[in-house]
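Residues per chain are reported as follows:
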Amino acid sequence: MSLQIETITLREIRLPLVEPFRISSGVTTTRRTLLLEIIDADGASTWSECVAGDFPNYSPESIDTATLAIREWLAPRVLGRRFETPQEVSAALSEDLRGHEMAQAAIEMGAWALAATKAGRSLSSLLGGTRKRIRTGISIGIQNSPEELADKAEKALAEGYRKIKLKIKPGQDLPYLRAVRDRLGPDAPLMADANNAYTLDDTDHLLRLDDFDLVMVEQPLAWDDVARHAELQRRMRTPVCLDESITNISRAEDMIRLRAGRIINIKPGRVAGFTASKAIHDLCAANDIPVWCGGMLESGIGRAYNVALASLPNFTIPGDVSPSNRYWARDIVSPEWTMDANGWVDIPNGPGLGVEVDRERVEALTVERETLRE
Ligand code: OSB
Ligand code: MG
């Protein structure tokens with residue numbers, strides 16, 4: 001079944017988080033979220049989300065650069081053109097175009113959801129997902145004291161989360177991890193994410209993370225680095241997981257060849273969409289590298305994509321795919337995303353995204369809107 005996108009409507013909405021989310025490079029209080037509504041020539045439609053942030057402190061993209069890239073360079077490559085598969089859309093978006101992965105992903109993933117909708121299939125089934133439900137973790141931002149962090153982590157474990165990720169940075173690391181490990185006990189699945197806050201000069205300090213029996217440490221070194229992570233991983237018992245530096249399949253190959261890490265966090269937005277996410281998933285499966293699905297504080301729309309991706313077989317580690325109420329007082333989809341007491345999130349089996357977008361609420365939250373056509 002072919003795809004022919006007639007219009008793409010871009011909207012910026014603002015969603016206040018239930019609590020501020022602090023990582024080593026900045027804090028988010030209200031999420032500026034870029035949504036796309038994509039309408040096919042035959043009337044079918046779907047929504048997608050661009051995960052770029054307010055400011056380029058995670059990757060070089062921001063919501064403003066992504067809006068520009070979509071309007072000026074990416075939408076013109078697809079609008080009014082006929083494609084047989086989402087993979088063809090992926091190729092058309094990426095040809096001779098450097099970077100702007102999150103902007104590409106918003107259209108590319110939308111093409112997958114549109115294809116699923118038109119075929120009457122769930123996004124998970126179109127992607128090749130094999131799971132009916134997935135286990136989820138939580139990512140907890142940097143807190144003001146080790147005790148506050150331990151309180152939050154203890155509550156998360158009791159709620160059923162199966163992996164507890166603790167954001168760290170120099171000066172807010174070892175005593176924080178110690179407090180959580182002591183409070184939650186030796187079996188709690190803990191990990192740390194530094195979002196690039198250290199350098200190899202901190203190696204001796206980072207080796208002390210081995211004392212905490214972490215499931216992994218995520219992206220301790222520079223956002224675009226692979227080689228130095230290899231040097232660190234050689235000396236560290238804790239598995240290194242790469243996030244920021246895996247921007248495409250070549251970087252995943254680099255990680256494997258250089259032994260720069262033992263786990264990959266796949267965020268489809270970071271790698272230009274599902275076509276690359278699936279390729280990285282398959283490469284990792286062939287090399288015994290487990291993967292998990294990261295998050296970018298998505299609304300219920302972006303979450304539908306992450307949940308579908310995490311239903312692929314090599315997503316064996318719980319992802320940062322927490323339920324709606326961990327982020328928002330009220331989500332923009334119904335039903336909202338929920339998790340049971342054992343950390344399970346159900347994969348929807350209805351056609352397309354499997355959730356309805358609350359259009360009235362989206363309308364009320366919209367601060368900018370623009371429709372693109374051929
Ligand atoms: O490094 O994984 C990260 C959020 C924004 C930017 C970077 C990261 C994160 C998270 C949030 O950890 C995970 C989530 O969406 O729950
Ligand atoms: Mg990360």
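Placed above this text is the structure.
Here is a short report on the structure shown in this document. (Residues numbered from 1 in each chain as written. Chains lettered and ligands numbered in written order. Predicted model: local features only at pLDDT ≥ 70, side-chain atom pairs only at ≥ 80, totals over all residues. Heavy atoms only, no water.)

## Topic: the state of the cysteines
By the definition in use, this model includes zero disulfides. For C293, which is in no disulfide, the shortest distance to another cysteine sulfur is to C241 and amounts to 12 Å. Its relative accessible area of 1% is what places C293 among the buried residues. (Disulfide = S-S within 2.5 Å. Buried < 20%, exposed > 50% of the residue type's maximum accessible area, 1.4 Å probe, protein only.)

## Examining the site of ligand 1
Taken together, 15 residues sit near ligand 1, with S139, N195, K267, L297 and Y327 positioned nearest. The side chain of S139 places a nitrogen or oxygen atom 2.9 Å from an oxygen atom of ligand 1. Backbone polar atom of L297 to an oxygen atom of ligand 1: 2.9 Å apart, as the coordinates give it. Protein contact buries 96% of the 390 Å² of open area that ligand 1 shows by itself. (Near = heavy atom within 4 Å. Polar contact = N/O pair within 3.5 Å; in protein donor to acceptor, adjacent residues only side chain to side chain. Areas by Shrake-Rupley, 256 points an atom, 1.4 Å probe, with all protein chains shown as cover.)

## Looking at unusual backbone geometry
The amide bond that connects S334 to the next residue, P335, takes the cis arrangement and shows omega of -5°. Mapped onto the elements of the fold, P335 is located in the loop between β13 (333-334) and β14 (344-346). The backbone of H100 sits at a positive phi, close to 55°, despite the residue not being glycine. The residue H100 is located in the loop between α2 (86-94) and α3 (101-119) in this model. (Helix = DSSP H or I, 4+ residues; strand = E, 2+ residues; numbered from the N terminus.)

## Considering the coordination of the magnesium ion (ligand 2)
The magnesium ion (ligand 2) binds to the protein through D193 (OD), E218 (OE) and D243 (OD), with metal-donor distances spanning 2.1 to 2.3 Å. Summarised as a motif, the one-chain spacing of the donors to the magnesium ion (ligand 2) is D-x24-E-x24-D. With D193 in strand β8 (residues 190-193) and E218 in strand β9 (residues 217-218), this residue pair connects regions lying 25 residues apart in the sequence. Judged by its relative accessible area of 0%, E218 is buried. (Donors = N, O, S within 2.8 Å, 3.2 Å for Na, K, Ca; no water.)

## Focus: the packing of helix α1 (residues 63-78) against α3
Contact geometry for α1 and α3: axes closest at 9 Å, N-to-C directions at 45°. On the basis of their axis angle, the class for α1 and α3 is oblique. Relative to α3, α1 is oriented so that their crossing is right-handed. Taking contact as the criterion, the partners of A66, A69, I70, L74, A75 and V78 in α1 are, on α3, A103, Q104, A106 and I107. Across the contact of α1 with α3, the residue classes break down as nine nonpolar, one polar and no charged. (Axes fitted to C-alpha atoms, helices over the stretch in contact; angles between N-to-C directions. Parallel < 35°, antiparallel > 145°, perpendicular 65-115°, else oblique. Left-handed = near helix turned anticlockwise from the far one by under 90°. Contact = heavy atoms within 4.5 Å. Nonpolar A, V, L, I, M, F, W, Y, C, P; charged D, E, K, R; others polar.)

## Describing the pairing of strand β11 (residues 263-266)
By the alternation rule, side chains of β11 split into I263 and N265 and I264 and I266, which are all buried. Examined bridge by bridge, strand β10 (residues 240-242) and β11 share two bridges and lie parallel to one another. Residue pairing in the sheet places C241 in a bridge with I263 of β11. In this fold, β10 hands off to helix α9 (residues 249-258), which returns the chain to β11; that crossover is right-handed. Strand direction decides the pairing type here: β11 and strand β12 (residues 291-293), joined by three bridges, are parallel. (Pairing = 2+ DSSP bridges. Right-handed = clockwise from strand over helix to strand, strands pointing away.)

## A few points about the packing of aromatic side chains
Enumeration over the complete set of coordinates arrives at three aromatic pairs. Look at F274 and Y305: their rings are 5.9 Å apart centre to centre, the planes differ by 40°, and that puts the pair in the tilted class. Of this pair, F274 sits in helix α10 (residues 274-286) while Y305 sits in helix α11 (residues 300-309), placing them 31 residues apart in sequence. On the basis of relative accessibility, which here comes to 0%, the residue F274 falls in the buried class. Judged by its relative accessible area of 1%, Y305 falls in the buried class. A network of ring pairs unites the aromatic residues W112, F274 and Y305 as a single cluster. Taking the ring centre of W344 as reference, the NZ or CZ of R133 above it sits at 3.6 Å. In this structure, K163 is placed above the aromatic ring of W292, and the distance from its NZ or CZ to the ring centre is 3.7 Å. (Phe/Tyr/Trp six-rings, centres within 6.5 Å; stacked < 30°, edge-to-face > 60°. Lys NZ or Arg CZ within 6 Å of the ring centre and 35° of its normal.)

## Comments concerning the nonpolar core
Counting residues in hydrophobic clusters, the biggest one holds 88 residues, and the most contacted among them are L123, I164, L209, I264, I301, I332 and L353. In this view, I332 contacts I13, L15, L35, S299, G300, I301, E356, V357, D358, R361, V362 and L365; residues no more than four positions away in its chain are not counted. The next biggest cluster of nonpolar side chains, apart from the first, holds 34 residues, and it includes I5, V78, A103 and A111. (Core = buried A, V, L, I, M, F, W, Y, C linked by side-chain atoms within 4.5 Å.)

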